[in-house]
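# Coordinates in review
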Amino acid sequence: MTAFDLFLQQAINGLSLGAMYSLLALGFTLVYGIMELINFSHFNVFMVGCMIAMVTLKLFGLNGQDTILTGLPLIGVMLVGFFVTMTLCGGIGVFIERLLLRPLRAVKGPAPMITTIGVSYVLFNIILLTIGGDSKNFPNPLPPIAFNIGGAVLRLREILIWIIAVLLMGGLTYFVQYTKLGKAIRATAQDQEAARMMGIEVDRVIMSAFFIGSALAGASGMIFGLYYNLAKVDIGFGAGLRAFTAAVLGGIGNVPGAMLGGVLIGLIESSSGQFLGSAWSDVVIFSILVLVLVLKPAGLLGRLAPNKS
Amino acid sequence: MLTRRSAFKAAAGIAATATLGVSQSAHAADKVLKIGMDASFTGADSESATRVANGAIIAFEDANKAKTVKGYTFQLVKLDDGTATAGQYDPAQAATNARTMVADKGYVAALGPQMSGAGKAMSPILSAGNLAIITPSSTNPDITDPKFAAQYRPNGKAIYFRTVATDAFQGPYMVNYLVKARGIKKVYILDDSGAYGVGLADAYERQCKAKGVEVLGRDRLDPKAADYATILTKVKSLAPDAVLYGGVGQAGVKLAKQAYEIIPNVIKAGGDGVFAVDFLKGVGFPAVDGWYASNASPHKDDTNKETAEFSKRFTARFGVAPDDYSITCYTGALAIIQAVKTVVAAGKTVNRDTVRDAIEKVNLPHTLIGPITFNENGDLKNPVISVFQIKKDTTHPLDDVDAQYHYAGVAPQV
């Protein structure tokens, strides 16, 4: 491998990580943008998504990496997998919002945030007690197709992950920019009170944001499983923390910022692993975060909200 | 590191019904010598505890029947260091058992324990009472390490003997094996940041330098991180012959999965941390195929005529096949019998002091697990590390450790 091949390979690795972090970061950013709430349950909604995807794929008779699908069956299984995972995770998000957070809407202080931490642990323990704590072999029906670009290897699954991530992010951007509900979300994020006065059903908007964010976390969980062939109860914290960092780096509350932040974090992680050793990755990631926040407190693409009450 | 393996064995579960009743057909005039048999008969490891103890039963039954030591009969007494509360071995119970044996002068030696954690609790007490114990399976190096003598043998003399090697040999011997069997010249070393993993990786690194194997790099995996693709890409760019991994399954499973994608043709090896059902199941085939693992005990080799003979007798007597530690326990019992025999032959009184001194000098040149002599710390002079390689065997369940880890032989000592 030449230095260029190595660089290219680490860029491919970094972009795949970044795609995953971006999808996860969007959930943080959507909810924060609207409610100014850091939703820690998002970490484990992602993990539950990975588990749901695993169970769904197993229901198709897929086991480990033994069964390889191609053509229409592969597309069908993937579509059903993503649909089921995203719908159920979205449902969990709505459940969390409607039952646990809405009663606390009027409460000032950290109570809602602490609640999300609690929910996170509840989800963690439910999976621990039902599915177990050991590493699970995630079923992967993707054919092991790989393309050699010089000495670097680009696998089908990486291309697929990028395509799915770009589609979902593109869809979300379109949704937020051009649909009625999307506009309502943006209006609510800008000023809840004014939005309510304009006749926007704020509760419905918040619930939609939770649904979309959690569905994206579910998609991200399934991508995680397909990428690593692995599902484990403790994956939420590591990936969640980096995704949250990505959201802050990009400017929390800002949708393109979360995408940019995710990709950056992925690239930083892979290059620091290459040049400094993987034990230093976190140090580098968080140092850069601190640096960015010192120089640009609102994050890379964020704007400070001066007159929010 | 016995825990995982034996937990698996217990889970694999074949009912064993034998008790520790060494038949006492001996003469009434014979003096009875008590031998303690400490193992975790309660809890997760009860199956393997029974199999271990059954090895000793055969040895003492043979000796009593053949009157190997004239005028003496051996009585094997079971002491359970497992408790229902702990669900496995309980160090506190192990300490109590040690005190029980020390208090009763009828005990002249003991066998056990299975677990290093129990051994750490028992060793200082047994040292104070100068009662020798031979462990068939506990492999933590600290207990016999002279560095920790003040802690584990305050009395100074070795009292904790082993018929297994210690974990300290796994690293170097695996390197020896890979150099000899696979001709490796360049390696990359990874560890999982844990005490066991770092220690093992350090041992790999030292031995590689000693053998002239080039160490291309060393990196530490965060066991909680999910992505090792970055580090494996770096490893790939350096093109090593082998990746040596020190650690257990938490990072090992993720490493093995991603290594299969990124460096499929590089030799991969670990210690007994990857000799476990959670590793096999979590990684799954094909990614797990080809991994080497080591174990700090000789492996039951049924191609050997005498071992096959022993297995047959054992199975006929107890209804289940022996495992590796049945044989190491059997061998430990033979060492005790040999020691008592030399004491009697020298015309000395048989008590725990004379028996301990004799065990230290035991020389069994020919046993099922090779020559048995102990060094001044109680460790085997010729420790045996077994090497296994995972090869897919579709005639057995794919998560069956015994079927999928194929015995590759004894790792060379140099």
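Residues numbered from 1 in each chain as written. Chains lettered and ligands numbered in written order. Predicted model: local features only at pLDDT ≥ 70, side-chain atom pairs only at ≥ 80, totals over all residues.

### Focus on the overall build of chain A
Worth spelling out the cut-off: The helix count covers DSSP runs of H or I at least four residues long, the strand count covers runs of E at least two residues long, and both are numbered beginning at the N terminus. Throughout, the radius of gyration refers to the C-alpha atoms, and the reference size of a globule is 2.2 Å times the residue count to the power 0.38. Any residue whose C-beta has 12 or fewer other C-beta atoms within 10 Å is treated as exposed, any with 20 or more as buried, and any in between as partly exposed, C-beta atoms being built from the backbone.
Each helix and strand in chain A was counted, giving 11 helices and 4 strands. For 309 residues, the compact-globule formula gives about 19 Å, and the C-alpha radius of gyration of chain A, at 19 Å, lands near that figure. Seen along its three principal axes, the alpha-carbon backbone of chain A occupies a region of about 60 × 45 × 35 Å. Buried residues in chain A amount to 50% of all 309 residues.

### Considering the overall build of chain B
Rules: Two residues form a contact once the distance between their C-beta atoms, set from the backbone, is within 7 Å.
If you tally the helices and strands in chain B, you get 14 helices and 14 strands. For a compact globule of 414 residues, the expected C-alpha radius of gyration is about 22 Å, and chain B comes in at 22 Å, within 12% of that figure. The C-alpha extent of chain B, read off along each of the three principal axes, is 75 × 45 × 40 Å. Residues counted as buried form 57% of the 414 residues belonging to chain B. Restricting to contacts in chain B with at least 6 residues of sequence separation, those with at least 24 account for 77%.

### A short note on the domain arrangement of chain B
The test is simple: For the purposes of this description, domain bounds are those given by an automatic or database domain assignment.
Considered domain by domain, chain B is made up of domain 1 (2-165 + 302-373) and domain 2 (168-295 + 385-410). Placing a centre on the C-alpha atoms of domain 1 of chain B and another on those of domain 2 of chain B gives a separation of 32 Å.

### Quick notes on the interface of chain B and chain A
Counted only if it meets this: Three classes are used: nonpolar for Ala, Val, Leu, Ile, Met, Phe, Trp, Tyr, Cys and Pro, charged for Asp, Glu, Lys and Arg, and polar for all others, with Gly counted as polar.
Across the boundary between the two partners, chain B contributes 25 residues, which contact 25 residues of chain A. Where the side of chain B that touches chain A is concerned, the elements lending two or more residues are strand 7 (214-220), helix 8 (229-238), helix 9 (249-262) and helix 10 (277-283) of chain B. Examining the composition of the side of chain B that touches chain A, we find that 7 residues originate from one element, helix 8 of chain B, more than from any other. For the side of chain B that touches chain A, the residue count by class is 8 nonpolar, 6 polar and 11 charged.

### Side note on helix 6 (residues 180-190) of chain A
All names here are of chain A. Condition: Here the arc refers to the set of directions running from the helix axis out to each C-beta atom.
Taken as a whole, helix 6 has its buried residues at A184, I185, T188 and A189. End-on, the buried residues of helix 6 take up no more than an arc of 135°, which puts them together on one face. Looking at the buried residues of helix 6, the elements they touch are helix 1 (3-35), helix 5 (156-178), helix 7 (192-197) and helix 8 (202-228).

### Considerations on the confidence of the model for chain A
The predicted coordinates ought not to be read in detail in places where the model reports low pLDDT. Our working definition: The pLDDT value tells you how sure the predictor is about a given residue, anywhere from 0 up to 100.
On average, residues of chain A score 89 in pLDDT, and 98% of them are at 70 or above. When pLDDT is averaged over each element of chain A, helix 2 (residues 41-59) of chain A comes out on top at 95 and strand 2 (residues 146-149) of chain A at the bottom at 87.

### Re the environment of T315 of chain B
All names here are of chain B. Residue placement: T315 occurs in helix 11 (residues 305-318). Overall, the presence of 12 C-beta atoms within 10 Å leaves T315 in the exposed class. Once residues within four sequence positions are removed from consideration, T315 is found in contact with V320 and A321.

### Structural notes on the nonpolar core
Stated formally: To count as a nonpolar core, a set of buried Ala, Val, Leu, Ile, Met, Phe, Trp, Tyr and Cys residues must be joined through C-beta atoms within 7 Å.
By size, the foremost hydrophobic cluster in this structure holds 130 residues, and its most contacted members are I35, A56, L131, I133, A333 and I336 of chain B. Ranked by residues supplied to this core, first place goes to helix 12 (residues 324-345) of chain B with 12 residues. Both domain 1 (2-165 + 302-373) and domain 2 (168-295 + 385-410) of chain B contribute no fewer than three residues apiece to this core. When neighbours within four sequence positions are excluded, I336 of chain B is seen to be in contact with I35, A109, I134 and I359 of chain B. Judged by nonpolar contacts, the second largest core, of 93 residues, contains L37, I52, I92 and V205 of chain A.

### What about unusual backbone geometry?
Here the bond from G112 of chain B into P113 of chain B is cis, since omega is -15°, no more than 30 degrees from zero. Structurally, P113 of chain B is set in the loop between strand 3 (107-111) and helix 4 (116-129). F285 of chain B connects to P286 of chain B through a cis peptide bond whose omega is 0°. Within the secondary structure, P286 of chain B sits in the loop between helix 10 and strand 10 (292-295). Residue E36 of chain A is not a glycine yet carries a positive backbone phi of 55°.

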